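Residues per chain, in single letters:
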Amino acid sequence: MSVLLLLIPVAVAIAAVLWWKLRRPADSTPPSSLPHHAASGMPAARSPAVNPPAASARQAVVPVLSARASAALAEPMPPVLEDFVLVRESALPAAQHEALMTVIGGIPRPPMSLHQLLAPDFFDRADSLMLSELLMGEPLIAAKVLATVNSPFYGLHQSVTSIEPAITFLGMDTVRNICVQYMLAQAFKPELRAAQRSFDTIWRSSAIASELCLRLAQALGLPDHGALATKVVMVFVGHLAAASLLPHNTVEEWLVLDRLHRAKLEQEVIGLSAGEIGTLVLRTWELPQELVGDVAATSRVLVTPASAADAQRVPQLALAYLCVGLGERLALGQLSSLGDVDLWGHVGPDAFHLRSYLTHPALAALPELLRSPALEEAVQQMLGKSQVLV
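Parameters and conventions
Residues numbered from 1 in each chain as written. Predicted model: local features only at pLDDT ≥ 70, side-chain atom pairs only at ≥ 80, totals over all residues. Heavy atoms only, no water. Helix = DSSP H or I, 4+ residues; strand = E, 2+ residues; numbered from the N terminus. Buried < 20%, exposed > 50% of the residue type's maximum accessible area, 1.4 Å probe, protein only. Areas by Shrake-Rupley, 256 points an atom, 1.4 Å probe, with all protein chains shown as cover. Phe/Tyr/Trp six-rings, centres within 6.5 Å; stacked < 30°, edge-to-face > 60°. Lys NZ or Arg CZ within 6 Å of the ring centre and 35° of its normal. Core = buried A, V, L, I, M, F, W, Y, C linked by side-chain atoms within 4.5 Å. Contact = heavy atoms within 4.5 Å. Salt bridge = Lys/Arg side-chain N within 4 Å of Asp/Glu carboxyl O. Axes fitted to C-alpha atoms, helices over the stretch in contact; angles between N-to-C directions. Parallel < 35°, antiparallel > 145°, perpendicular 65-115°, else oblique. Left-handed = near helix turned anticlockwise from the far one by under 90°. Nonpolar A, V, L, I, M, F, W, Y, C, P; charged D, E, K, R; others polar. Arc of directions from axis to C-beta. Expected span 1.5 Å × (residues − 1). Disulfide = S-S within 2.5 Å.

> Just checking my understanding: could you explain the overall build of the protein chain for this structure?
Within the protein chain one finds 20 helices and zero strands. For the protein chain, buried positions account for 49% of its 390 residues. Here the protein chain displays about 18600 Å² of accessible surface, and carbon together with sulfur accounts for 59% of that area.

In structure tokens:
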């Protein structure tokens, strides 16, 4: 009888171990290695990959994040957001709509090569030779690409003097974004020299945001990461258009507001928010309909919960919207390090709906990736060495 009593605790312990193994979450195994950044044409020494977090770190952090996420998602909508109504083009009075479209029609159109760069199938079939031939037809853009690859950011020991090796070094996705940025820069130039600083900040925001999006989308394994990063650049078309339409003496104050309060000001002064204006500009330029729709949907994350969005597009919309905001805050000096980003801590009303998107399983590693030393190093390089578009 005494032997049986001694065996009971042993049996209970064995049963507990078996129960724990059966109940252990399937994702507790270490994640597979992330894609090497060199696959995009960027050497690891100059653009380090965003490394996946260690398994022990994942097991320690995920339960805390889950609890904080649940608490954050239970918070009520901020009154300022609840009271805000996003004005759509169809709601504008006819006279105001006509006046706005007249102004938008006066914005210089980018060269036709922009259409080719943004064509859905271009990068499915293009190689560095095809892209270099396209850029040789745009000497100013080609010169800007060469200036970028030879900038201190990349620290080359020997200058690159022709387009094709520059494309090989930077990667097709990065070169496309540089080209798009410079082509848009020709369409949006401030009328007053005093406004140049604000426009430079918007350009710098777009460069940082698109690079962040490209790196994070690669690390998360999202499809078409290059196209997604380019769409982030296109989101800033609305910002540039709004900066052009607002009274010049208000632009600097407008720029430092969060996206919700900027949208309120834009609607009061112009009639539409920057995101809606950008949609009109892209449509006027006759860019691909899918691109225009994705850019519009990204801006509308401001007022759209994830439950009302296309479920298949939720990860891409979330990452694009997040990177636009991070790019702006970094460029404005409102954020000095990605280590300060807390997705589930106190956020402004413009990030309220974003949180519902961030619960998507495809974005589970995002909080840890934002704390990656490799990504932080890249951000600090961008802040110290990023080039101003002129």
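> What am I meant to see in the packing of aromatic side chains here?
How two aromatic rings sit relative to each other is given by the distance of their centres and the angle of their planes. Counted according to the given criterion, the structure contains one aromatic pair. Ring plane angle 55° and centroid distance 6.1 Å describe the contact between Phe 188 and Trp 285, whose orientation is recorded as tilted. Separated by 97 residues along the polypeptide, Phe 188 in the loop between helix 10 (172-187) and helix 11 (196-220) and Trp 285 in the loop between helix 15 (274-284) and helix 16 (289-299) bring together distant segments of the chain. Each member of the pair, Phe 188 as well as Trp 285, carries the same accessibility label: buried. Directly above the aromatic system of Tyr 321 lies the positively charged group of Arg 259, at a separation of 3.8 Å from the ring centroid. The ring of Trp 254 has Arg 262 lying over it, and the distance from NZ or CZ to the ring centre is 5.5 Å.

> What is the right way to read the nonpolar core from this model?
One broad rule of soluble globular proteins: the nonpolar side chains tend to lie buried together. Core analysis: the biggest nonpolar cluster contains 118 residues, and Leu 135, Phe 188, Leu 212, Met 234, Trp 285, Leu 319 and Leu 338 have the highest contact counts within it. Excluding residues within four positions of it along the chain, Phe 188 makes contact with Ile 107, Phe 199, Val 237, Leu 240, Ala 241, Ser 244, Val 281 and Trp 285.

> Would you take a moment to explain the pattern of salt bridges for this structure?
When charged atoms on two side chains of opposite charge get close, those side chains can pair. Per the counting criterion, the structure on display carries nine salt bridges. Between Glu 75 and Arg 355 there is a salt bridge, and its shortest N-O distance comes to 3.3 Å. Pair noted here: Glu 75 is in the loop between helix 2 (55-73) and helix 3 (79-82) and Arg 355 is in helix 18 (residues 354-357), with a separation of 280 residues, a long-range link. Judged by its relative accessible area of 3%, Arg 355 falls in the buried class. Between Arg 197 and Glu 252 there is a salt bridge, with the nearest N and O atoms lying 2.8 Å from each other. With Arg 197 in helix 11 and Glu 252 in helix 13 (residues 251-255), this pair connects stretches of sequence that are 55 residues apart. In this structure Arg 197 comes out as exposed when scored by relative accessible area, which is 55%. A single salt-bridge network, built from bridges that share partners, covers Lys 231, Asp 294 and Arg 313.

> How should I be thinking about the packing of helix 8 (residues 139-149) against helix 10 in this particular structure?
Think of two packed helices as two axes; the pair is described by the angle between the axes and how far apart they sit. Running from amino to carboxyl end, helix 8 crosses helix 10 at an angle of 125°, the nearest separation of the two axes being 10 Å. Judged by the inter-axis angle, helix 8 sits oblique to helix 10. You can see that helix 8 and helix 10 cross each other, and the crossing is right-handed. Across the interface between the two elements, Leu 140, Ile 141, Lys 144, Val 145 and Thr 148 of helix 8 pack against Val 175, Ile 178, Cys 179, Tyr 182, Met 183 and Gln 186 of helix 10. Looking at the contact of helix 8 with helix 10 residue by residue, the classes come out as eight nonpolar, two polar and one charged.

> Would you take a moment to explain unusual backbone geometry for this structure?
Leaving glycine aside, a negative phi is the common case for residues, and trans is the common case for peptide bonds. Positive phi outside glycine occurs at Asp 224, with the angle close to 50°. Along the chain, the position of Asp 224 falls in the loop between helix 11 and helix 12 (225-245). The phi angle at Glu 286 is positive, at roughly 60°, despite the residue not being glycine. Counting through the fold element by element, Glu 286 comes out in the loop between helix 15 and helix 16. Residue classification places Glu 286 among the exposed residues on the basis of a relative accessible area of 60%.

> Would you mind going over helix 9 (residues 163-170) with me for this structure?
Each α-helix turn comprises 3.6 residues. Residues three or four places apart therefore point the same way. Three or more residues of helix 9 are buried, namely Ile 163, Ala 166, Ile 167, Phe 169 and Leu 170. Looking straight down helix 9, one finds that the buried residues subtend no more than 165° of arc, so they occupy a single side. Packed against the buried residues of helix 9 are helix 7 (128-136), helix 8 and helix 10. Looking one or two residues beyond helix 9, the residue adopting positive phi is Gly 171, at roughly 100°.

> Help me understand helix 17 (residues 314-332), please; the structure alone is not making it clear to me.
Its 19 residues place the ends of helix 17 27 Å apart at the C-alpha level, agreeing with the 27 Å of an ideal helix rising 1.5 Å per residue. Counting buried residues in helix 17 gives 17 out of 19 residues, a clear majority hidden from the surface. At the exit of helix 17 stands Gly 333, carrying a positive phi of roughly 80°.

> What should I look at first to understand the state of the cysteines in this one?
Each disulfide consists of a covalent bond between the sulfur atoms of two cysteine residues. Enumeration according to the criterion identifies zero disulfides in this entry. Lacking any disulfide linkage, Cys 323 is separated from the closest cysteine sulfur, that of Cys 213, by 4.6 Å.

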